[in-house]
Amino acid sequence: MIEKLPRIAFLGIGLMGAPMTRNLLDAGFSMNLWNRTASKCEPFAAEATVAATPADAVRTADVIITMLENSDVVEQVMVASGAIKAINRGALVIDMSSIQPSVARRHAALAAEQGAGYVDAPVSGGTLGAEEARLSIMAGGSENDVLRAQPIFEVLGKCTRIGPVGAGQLAKLANQAIVGITIGAVSEALLLAANGGADPAAVREALMGGFAGSRILELHGQRMIDRDFSPGAPARIQLKDMRMILDEARAEGLTLPLSQQVHNEYLSLVANGHSDADHSGLLLELEHMNRTRLGGAGSGSKE
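Here the structure is a predicted model, which means the values were calculated and not measured. (Residues numbered from 1 in each chain as written. Predicted model: local features only at pLDDT ≥ 70, side-chain atom pairs only at ≥ 80, totals over all residues. Heavy atoms only, no water.)

Caption draft 1: Region of the structure containing the pattern of salt bridges. With the rule as written, the count across this model stands at 13 salt bridges. For Asp26, the salt bridge is made with Arg22, and the minimal N-O distance between the two is 3.0 Å. Taken together, the positions of Asp26 and Arg22, both in helix H1 (residues 17-26) and four residues apart, correspond to about one turn of that helix. For the salt bridge of Asp276 with Arg236, the shortest nitrogen-to-oxygen distance reads 2.3 Å. Pair noted here: Asp276 is in the loop between helix H11 (257-271) and helix H12 (282-290) and Arg236 is in helix H10 (residues 235-251), with a separation of 40 residues, a long-range link. Exposure remark for Arg236: the relative accessible area of 30% places this residue in the partly exposed category. The network of salt bridges with common partners includes Arg22, Asp26 and Glu47. (Salt bridge = Lys/Arg side-chain N within 4 Å of Asp/Glu carboxyl O. Helix = DSSP H or I, 4+ residues; strand = E, 2+ residues; numbered from the N terminus. Buried < 20%, exposed > 50% of the residue type's maximum accessible area, 1.4 Å probe, protein only.)

Shown next, in the form of structure tokens:
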């Protein structure tokens, strides 16, 4: 006898949520969908139930997945709207948004009051990883709840259980610290090379084969050379993550000077009108600061 797949309520059909929904539907899951801008659910309307409210979406679901922009939005959608009170006993909440660890722990307690399990499971891999089902999923929750979520995670990417509730969000903050700081390093390296007369494309190719090689250099270094800053992960989201990193550091009594500097640069980037540029667009802030522009060999000219 084939075990019936759980019915999923997916809240947040955005840049990440849409390809994740596509993969889950293709895997045979029945789904209820909700998004603040309802038109984003329309491409899936023939295959899923589009709900009018978050509470309507979760009421008939076995698993509730949220993929929303930040802690405040998750709070509004799950708590202020009353959705968390509509969850069935025995259901499982999987929050795949990037939120503060303390918010994840509080929402887990609210889910427990309804007799539901909870896993915080933020992801890394961007829109390409979502489309190709290659997301790195960092899960915080009990071993049993993470095991219950595993059939869903296997459709979306690869899951690592980090520890108890909140641990997944801590791992995501660690990820975003490395991402943000490395984007800054790649921006500075390519601009330094180009302004000194080197071809940044050739520099990137050479570095890819050495100790400085990284996924950031591979993908975002090419974005910088191509000047392709269409958003995969918008700068405003990276800024939000850098702010959460610093908030968590303060709560732990830590000083993180590199994260602080990168936060300040993203703050300036967003203030200068680039909130919706890809986070690799940090190069734009560096160019603005130096009054120059990354170009080909010897073409880093002063503006």
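Caption draft 2: Quick peek at the nonpolar core. Membership of the largest hydrophobic core comes to 33 residues, with the highest contact counts inside it found for Leu24, Ile94, Met96 and Phe153. Of all the secondary structure elements, the ones that give two or more residues to this core are strand S1 (8-11), H1, strand S2 (31-34), strand S4 (63-66), strand S5 (92-95), strand S8 (135-140) and helix H6 (143-156). For this core, the element with the most residues is H6, which contributes six residues. In this structure Ile94 touches Val63, Ile64, Ile65, Thr66, Val119, Ala121, Ala149, Ile152 and Phe153, once residues within four positions along its chain are discounted. (Core = buried A, V, L, I, M, F, W, Y, C linked by side-chain atoms within 4.5 Å. Contact = heavy atoms within 4.5 Å.)

Caption draft 3: Region of the structure containing unusual backbone geometry. Its identity as a non-glycine residue notwithstanding, Ala133 has a phi of 55°, on the positive side. By the secondary structure assignment, Ala133 is in the loop between helix H5 (126-131) and S8. If you check the backbone angles, Arg227 has positive phi at about 55° while not being a glycine. Here Arg227 lies in the loop between helix H9 (215-226) and H10. Overall, Arg227 belongs to the partly exposed group, its relative accessible area being 24%.

Caption draft 4: Structural detail: the environment of Gly163. Within the fold, Gly163 resides in strand S9 (residues 157-163). In this structure Gly163 comes out as buried when scored by relative accessible area, which is 7%. Residues Gly163 and Glu205, 42 residues apart in the sequence, show an inter-C-alpha distance of 38 Å. With sequence-adjacent residues up to four places away left out, Gly163 is seen in contact with Ala139, Gly140 and Gly141.

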